[in-house]
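Tertiary structure, described
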2 protein chains.
Amino acid sequence: MGKEIFSKEMVAECAATLNIPDIANAAIADVLGVAVALESKTGIPFIRMDQGIPGLPASIIGVEAEKQALDAGVANKYPPTAGLPALKSAASRFLKAYLDVDVSPRSCIPGVGSASVSFAAFAITTQLDSKKDTVLFIDPGFPVQKAQLNILGIKHESFDVYAYRGEALRGRLEEYFSAGNIASVIYSNPNNPAWISLTEDELRTVGELADKYGVIVLEDLAYFCMDSRSDFGTPFEAPYPPTVARYTDNYILMLSASKMFSYAGQRLGLACISDSLAVKQYPSLAARYSDSGIFASTYAGSILYTISAGTAFSTQYAVAAMMDAACDGKYDFVADNREYARRAERMKAAFVENGFHIVYDEDCGRPIGDGFFFSIGYGKMSGAELMKELLYYGISSISLSTTGSSREGVRACVSKMTPEMFPLLEERLKAFNSDHSGL
Amino acid sequence: MGKEIFSKEMVAECAATLNIPDIANAAIADVLGVAVALESKTGIPFIRMDQGIPGLPASIIGVEAEKQALDAGVANKYPPTAGLPALKSAASRFLKAYLDVDVSPRSCIPGVGSASVSFAAFAITTQLDSKKDTVLFIDPGFPVQKAQLNILGIKHESFDVYAYRGEALRGRLEEYFSAGNIASVIYSNPNNPAWISLTEDELRTVGELADKYGVIVLEDLAYFCMDSRSDFGTPFEAPYPPTVARYTDNYILMLSASKMFSYAGQRLGLACISDSLAVKQYPSLAARYSDSGIFASTYAGSILYTISAGTAFSTQYAVAAMMDAACDGKYDFVADNREYARRAERMKAAFVENGFHIVYDEDCGRPIGDGFFFSIGYGKMSGAELMKELLYYGISSISLSTTGSSREGVRACVSKMTPEMFPLLEERLKAFNSDHSGL
C-alpha cells in the first residue's frame, strides 16, 4: 500500500479536465494548473517547485520610484524609442559595477521583460544574412525561448551540454557553427533549469568561435549574480560573474529585473549590445525595414519598439533607481537573493537523504552552487515518470525532457519554499522513497 | 522674399545630421526628431502636429489604482497568462456599456498596448490556413502596423478607401477577398490619419464579406468614442459607435488605453475576440504550437504571453479601475477627450481660412467629425512637398503618402495644440499662404 497523497485517478482526471494530454511532459503552465487545481479541490497544499517566480517581495526602492514617476505624470507619455535615458545610463553603470564590462548607455535598450528582448534578438539575428537562419541552443534551457521561435517561424538546433563541458565544448560548437547556418547561440548563466554555469574558459571558447564563424552570442543573465559560490555583491570590485563579453564583441547580454530585483510583474528586461555590434550596418536590415540598418537602431526602433511601443514608462524609472542604488552600494540585491541559496541547500539535502541525486552536479569538476533551481533524479526513473510520480506525493516540478536535456530528472525551483514547508517536504520525500526504494 | 522661419538649408542640414535621407516622406519618429532638433537649435517653438500622443494628463483614477496595486505588492508576481481577471471582466462590461456588444471576460485579453495586440493578431490570423497568408489594410492607416508585418515576414495588400465608400466598398473588398489569400482585414475607426469613420452600413458589408470568405476582421478602436458628431458618453445608453461586431463573429476588437484614457506610457491594450471565434479549434495552431489550438488560448498563451510574459501588472489594475469607473458613470472619458474636438475645430478653421482644404472630408455624404487627427491639402501641392514646405514655417506633420493614402496632403494631430499656440499657428499659416497663394 503506497503512501501517495493524491491518487493516480485524481491526478489523471484533473489533467483531463484541463485538456492536458500528456501530464508527464507538460509545460510549466500546465503543471502549475494541475497543482493549483488539486490544491483547491482537496485543500491539501502542494510543494510548488514548478514555476520560476520570485519568492521575495519586490524591492521597495523600485516600488517607490515607480509611484513617484506616476505622480510626476509619466503615464500619459509614450516612453522614448530606445528607452528612458536615466535607465540606459543606469544599466551601463550596472554592467560595469557587477560584471566589469563596458557597454555604453546607447547600447542598453529596455524591453518588456527579457522575454521580449530575446524575441526581438531571435528576429534580428536571423535577418542579417539569408544563409544564417537558425538559432543554436546550448541546452538545457528555458522552453519559452524555443516557443518564441514558433511564432516567428525560425529554425533551431540544440544539444545538451552535459557531455560537452570544458574543452569538449569547442568541438561540439564547431560542428554546428561550421555548417554555416547558425545565426546566434543562446544559453543562460547560471542555467535555467540546471543551475550549471559555463566557466570563463568555456565562455572564451564560445567567444572565439563566435568571432571565427560570425555568430552572435545571446547570453541570458536572468539569474544574474545568483550563483552562491562567489560573493558578487560588492559593486566595482572583483569577483565578477563569468561572461562571454570578455572574449568577443558579438554579443547581446540579456538582463532581467524579474528575479534579480524580484520585479517580474512589471515586465522589464534589457538588451545590452556590445558597442561594436551596436553600430554595425547591415544592408539586409536597411532593405527589410527601410531604416538605417544600424544594428542597435533597427533592434530598438524597427523591432522592439514596433512590437509594443516600449515597456511601462513608470517601470523604467523603477529599474533605473534599483540599478543606481545597487551601484551606489545602497541596495544589496545579491545578499537579498542569497535566501534562494539557503532554501536550495536545505532542499537538496532533503532530496539526497531520501535517495535522490543531483543530475547536473558540477561545472568542469567544481560542484555547482546553490540558487534558484536545481535538477534531481531518482534511480533509473525517467524524468517524465518522476515528475508524474512526485505529483502523487504533492510535489510539482517539470521534467528535464521539456528543457532540451538528455538526462533523466526534473527541475526543482526553490522560490516558493518557505521555512514552514520543510517538514512537509521531508515527510513527503520519505514516503516517496519508502514506496520506491525497492525499484 | 519668403516668410519662412527655418531656411531650407537649415532643415536639410538637420535631416542630414539625423541620417534621414528623404525628409518629405519621413516616418513619424524622424519628423519628430527634426522638429525637436530645430526647436532646440533655434529656441523657436514648433507647431507640433507630427506624433499622435495624448495631450491630456493621465486619468487620476488609473494612477491611483496603479499606485495602490504597487503598494499591495503586485510587482513581484508575473501577471496571469490571459490577464488579470478583474481587467477581463471590466473590459467585457466596458464593451457592453460603450459599444453594446457582448464579449465574455475570457475573450478579453490584455497586451502591451494595442501595438502588441495587433502584432499577435497578424501572427495568428496568418497561421490558421496556409493559403491565407496576407493581411489587407483598408487605408489610410497607421504605418507602424505595416512595419510589424516586416518583422514577421507577412505579406500585405492595401487600398485607399477614399474612392470606395458606401456601396462601392463591397466590390472593392470582394476583389481582394475572393482571391483567397486574405487572412485578415484591418482598419481603424475613427481613422488614423484621416478621421473618417466607416458607417454601420459599410461595416455590415465588411462583416458579411468576412463571413462569406472566412476573413478575420481586426477593428482598431484606438480612438474609441472620440468622434465628436455623436455623444457616446453615457454608459449603457445609445448612441453607440459603429462596429463590425454587430455583423459578424469573425472579429477581434482592439481597444487601447493610450488615447482613450491618456495612458500611453504604461502600455496597455486589449484584444476582445468574438466569443465564437475565441473557442474555435484550429489544427494548424495545435500543430505549430503543440497546444490546444483553441483560438483565444493560442493567441493569449502561445503568442501574446510568449512574447513578453504579459504587460505591467500594476497597469492591469489601473485600466480595470478606469473601465469600471467609466461603466459606473464616475469617469466621463468621452467628455474629457472632447478637448481634442475643440482643438481640431479651431485648427481646421485656421487652415481653411488660409487656403487649405480638408482632404478626407466626409463619410458617405456626412461631414467628418472633429477629433484627434485631420487631413489637409494645399492646392495641387503633393503631400510630401506640403509636409516639407510646412516645416519651413515651423509646422510639423506627416505626409499622407506614408499612410497608404493615394490623396495629396498631410496628417495633422491636434493633441499638442494648446490655446496659447493658436495665434502662432494662424500667423504662420498666413505667412505660408501669402508665400504660396500665387502658385
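Residues numbered from 1 in each chain as written. Chains lettered and ligands numbered in written order. Predicted model: local features only at pLDDT ≥ 70, side-chain atom pairs only at ≥ 80, totals over all residues. Heavy atoms only, no water.

Operational definition: UniProt positions are given in the numbering used here, feature names are shortened, and annotations may be inferred rather than shown by experiment.
Under the annotation held in an unreviewed UniProt entry, chain A carries the name Pyridoxal phosphate-dependent aminotransferase and is attributed to Candidatus Merdivivens pullistercoris. The UniProt entry for chain A carries the following comment under Sequence similarities (unreviewed entry): "Belongs to the class-I pyridoxal-phosphate-dependent aminotransferase family." For chain A, the Cofactor (unreviewed entry) comment in UniProt is given as "pyridoxal 5'-phosphate".

Points about the overall build of chain A
Note the threshold: Where helices and strands are cited, they refer to DSSP runs of H or I of at least four residues and of E of at least two residues respectively, numbered from the N terminus. Radius of gyration: over C-alpha atoms. The globule rule applied is 2.2 Å multiplied by the number of residues raised to the 0.38 power. Think of it in three bands: residues with accessible area under 20% of the maximum for their type are buried, residues over 50% are exposed, and the middle band is partly exposed, with areas taken using a 1.4 Å probe on protein chains only. We call two residues in contact when some of their heavy atoms are within 4.5 Å.
On a plain count of helices and strands, chain A comes out with 16 helices and 15 strands. Its C-alpha radius of gyration of 22 Å places chain A within 12% of the 22 Å reference for a compact globule of 439 residues. Viewed in the frame of its principal axes, chain A has a C-alpha envelope of about 70 × 55 × 45 Å. Put simply, chain A has 439 residues, and 62% of those count as buried. Within chain A, contacts between residues at least 6 apart in sequence are counted, and of these 76% link residues at least 24 apart.

Description of the nonpolar core
Across soluble globular proteins, you tend to see nonpolar side chains buried next to one another. The cut-off we apply is this: Buried Ala, Val, Leu, Ile, Met, Phe, Trp, Tyr and Cys residues that are joined via side-chain atoms within 4.5 Å together make up what is termed a nonpolar core.
One finds Phe94(A), Phe261(A), Met323(A), Phe94(B), Phe261(B) and Met323(B) to be the most contacted residues of the largest nonpolar core, which totals 245 residues. The residues contacting Phe261(A), other than those within four sequence positions of it, are Ala58(A), Ser59(A), Phe94(A), Val319(A), Met322(A), Met323(A), Tyr331(A) and Phe333(A). In this structure, Tyr289(A), Ile109(B), Ile151(B) and Ile186(B) belong to the second largest nonpolar core, which totals 68 residues.

Some remarks on the interface of chain A and chain B
As a reminder, the rule being used: As a working definition, buried area equals the accessible area (1.4 Å probe) given up by two parts on being put together, with both sides summed. Any carboxyl oxygen of Asp or Glu that lies within 4 Å of a side-chain nitrogen of Lys or Arg is treated as forming a salt bridge with it. Distance and chemistry together define a polar contact, namely a pair of N or O atoms within 3.5 Å, with one atom able to donate a hydrogen and the other to accept it when in protein, and with adjacent residues in sequence counting only for side-chain atoms on both sides. Amino acids are sorted into nonpolar (Ala, Val, Leu, Ile, Met, Phe, Trp, Tyr, Cys and Pro), charged (Asp, Glu, Lys and Arg) and polar (every other residue, Gly among them).
In this complex, chain A contributes 51 residues to the contact, which on the side of chain B involves 51 residues. Summed over both partners, the interface of chain A with chain B comes to about 3,900 Å²; 60% of that surface belongs to carbon and sulfur atoms. Of all residues in chain A, Asn76(A), Tyr78(A) and Ile151(A) bury the most surface against chain B, accounting for 19% of the area lost on that side. One salt bridge in this structure joins Asp71(A) and Lys67(B), with 2.7 Å as the shortest N-O distance. Where chain A touches chain B, the interface holds 32 residue pairs in polar contact (both at pLDDT 80 or more). If you list the elements that add at least two residues to the side of chain A that touches chain B, you get helix 3 (60-71), helix 5 (113-125), helix 6 (143-152), helix 9 (257-260), helix 11 (283-289), helix 12 (295-308) and helix 13 (313-327) of chain A. Residues of the side of chain A that touches chain B, tallied by class, amount to 27 nonpolar, 17 polar and seven charged.

Section: the confidence of the model for chain A
The condition that has to hold: Values of pLDDT, which run from 0 to 100, indicate the predictor's confidence residue by residue.
When pLDDT is averaged across chain A, the result is 96; 100% of the residues are at 70 or more. If you check the scores for this complex, the pTM reads 0.97 and the ipTM reads 0.96.

Observations concerning the pattern of salt bridges
Scanning the model with the defined rule gives 50 salt bridges over all chains in all. Through salt bridges with shared partners, one network takes in Arg165(A), Glu202(A), Asp227(A), Arg229(A) and Asp363(A).

Considerations on the sheet that holds strand 6 (residues 216-221) of chain A
Residues and elements named next belong to chain A. Here is the rule: Note on pairing: DSSP must find at least two bridges between two strands before they are called paired. With axes taken as lines fitted to C-alpha atoms, and helix axes fitted only over the stretch in contact, angles between N-to-C directions fall between 0 and 180 degrees.
Overall, mixed pairing links the seven strands, which are arranged 2-8-7-6-5-3-4 in an open sheet. Strands at the two margins of the open sheet, each flanked by one partner only, are strand 2 (108-111) and strand 4 (155-160). On average, each strand axis in the sheet is tilted by 20° relative to the strand beside it, whichever way the strands run.

Quick word on the pairing of strand 15 (residues 410-413) of chain A
Residues and elements named next belong to chain A. Where burial is concerned, the two faces of strand 15 agree: the one with Val 410 and Ala 412 and the one with Arg 411 and Cys 413 are both buried. By the bridge criterion, four bridges tie strand 12 (residues 373-378) to strand 15 in an arrangement that is antiparallel. Of the residues in strand 15, the one forming a bridge with Ile 376 is Val 410. As defined by bridge partners, strand 14 (residues 398-399) adjoins strand 15 across two bridges and the pair is classed as antiparallel. When the sheet's bridge partners are listed, Ser 399 is paired in strand 15 with Val 410.

Let's talk about the relation of the copies chain A and chain B
Selection criterion: To line up the copies, we fit them by least squares on C-alpha atoms, keeping just the residues with pLDDT of at least 70 in both.
With an RMSD of 0.0 Å, the fit of chain A onto chain B corresponds to turning through 180° and sliding 0.0 Å along the axis. Within this description, the copies of the chain are treated as partners about a two-fold rotation axis.

Some thoughts on the UniProt feature "domain: Aminotransferase class I/classII large" (unreviewed entry) in chain A
As annotated in UniProt, the feature "domain: Aminotransferase class I/classII large" (unreviewed entry) corresponds to residues 63-422 of chain A in the numbering used here. Between the end C-alpha atoms of residues 63-422 of chain A there is a gap of 31 Å, over a span that is 41% helix and 17% strand.

Focus on the side chain of Asn189(B)
Residues and elements named next belong to chain B. Within the fold, Asn 189 resides in the loop between strand 5 (182-188) and helix 8 (200-213). The buried category is assigned to Asn 189, whose relative accessible area is 6%. Within polar-contact distance, the side chain of Asn 189 engages the backbone nitrogen of Leu 198 at 2.7 Å.

Examining the sheet that holds strand 12 (residues 373-378) of chain B
All names here are of chain B. One open sheet accounts for four strands, arranged 9-12-15-14; its pairing is antiparallel. Every interior strand has two partners, whereas the edge strands, strand 9 (356-358) and strand 14 (398-399), have only one. Sheet topology places strand 9 next to strand 12; three bridges connect them, and they run antiparallel. Paired with Ile 358 across the two strands is Ile 376, which belongs to strand 12.

Some points on the packing of helix 12 of chain A against helix 5 (residues 113-125) of chain B
Our working definition: Angle categories are assigned with fixed cut-offs, so that under 35 degrees is roughly parallel, over 145 is roughly antiparallel, 65 to 115 is roughly perpendicular, and the rest are oblique.
Packing of helix 12 of chain A against helix 5 of chain B leaves a shortest axis separation of 5 Å and a crossing angle of 100°. Classified by the interaxial angle, the pair formed by helix 12 of chain A and helix 5 of chain B is roughly perpendicular. On the side of helix 12 of chain A, the interface is formed by Thr306(A), Ile307(A) and Ser308(A), while helix 5 of chain B contributes Ala115(B), Ser116(B) and Phe119(B). Residues belonging to the contact of helix 12 of chain A with helix 5 of chain B are distributed by class as follows: three nonpolar, three polar and no charged.

Looking at helix 15 (residues 383-392) of chain A
Counting buried residues along helix 15 of chain A, eight of its 10 residues qualify, which places the element largely inside the surrounding structure. Of all the residues in helix 15 of chain A, the buried ones are Gly383(A), Ala384(A), Leu386(A), Met387(A), Glu389(A), Leu390(A), Leu391(A) and Tyr392(A).

A short note on the pairing of strand 8 (residues 269-273) of chain A
For a regular strand, the rule is simple: side chains alternate between the two faces of the sheet. Residues and elements named next belong to chain A. With respect to burial, strand 8 is a largely interior element, five of its five residues being buried. Every second residue of strand 8 is oriented toward a common face, with Gly 269, Ala 271 and Ile 273 on one face and Leu 270 and Cys 272 on the other, all of them buried. One ladder, built from four bridges, connects strand 2 with strand 8; its direction is antiparallel. Across the sheet, Ile 109 pairs through a bridge with Ala 271, a residue of strand 8.

Details of the side chain of Ser258(B)
Secondary-structure assignment places Ser258(B) in helix 9 (residues 257-260). For Ser258(B), the contacting residues outside a window of four places in its chain are Tyr78(A), Pro54(B), Tyr263(B), Ala264(B) and Arg267(B).

Quick word on the packing of aromatic side chains
Stated formally: Pairing of aromatic rings covers Phe, Tyr and the six-membered ring of Trp, with a centre-to-centre limit of 6.5 Å; geometry is then stacked below 30 degrees between planes, edge-to-face above 60, and tilted otherwise. Placement of a positive charge over a ring is assigned whenever Lys NZ or Arg CZ falls within 6 Å of the ring centre and within 35 degrees of the normal to the ring plane.
Scanning all chains against the criterion turns up 57 aromatic pairs over all chains. For the ring pair Phe313(A) and Tyr317(A), a centre distance of 5.5 Å and an interplane angle of 40° mean the geometry is tilted. Taken as a pair, Phe313(A) and Tyr317(A) lie in helix 13 at a separation of four residues, close to a single helical turn. With a relative accessible area of 6%, Phe313(A) lands in the buried category. Judged by relative accessible area, Tyr317(A) falls into the partly exposed class, the value being 30%. Through a chain of ring-to-ring contacts, the aromatic side chains of Phe94(A), Tyr98(A), Phe224(A), Phe261(A), Tyr331(A) and Phe333(A) assemble into a single cluster. The ring of Phe137(B) has Lys146(B) sitting right over it, with the charged end atom 4.9 Å from the ring centre.

Structural notes on helix 8 of chain B
Residue and element names in this part refer to chain B. What counts here: Residue count minus one, scaled by 1.5 Å, sets the expected span of a helix.
Its 14 residues give helix 8 an end-to-end C-alpha distance of 20 Å, which sits within 8% of 20 Å, the value for a rise of 1.5 Å per residue. Residues of helix 8 that are buried sit in contact with helix 7 (168-177), strand 5 and strand 6 (216-220). Positive backbone phi, approximately 65°, marks Gly 214, located one or two places after helix 8.

So, the environment of Asp50(B)
All names here are of chain B. Along the chain, Asp 50 falls in the loop between strand 1 (47-48) and helix 3 (60-71). Using a relative accessible area of 0% as the deciding quantity, one classes Asp 50 as buried. In the structure, Asp 50 is positioned 363 residues away from Cys 413 in sequence and 6.2 Å away in space, judged by C-alpha atoms. If near-sequence neighbours (up to four positions away) are discounted, Asp 50 is found in contact with Ile 28, Val 31, Leu 32, Ala 35, Ser 396, Ser 397, Ile 398, Arg 411 and Cys 413. A polar contact of 2.7 Å, which involves the side chain of Asp 50, links it to the side chain of Arg 48.

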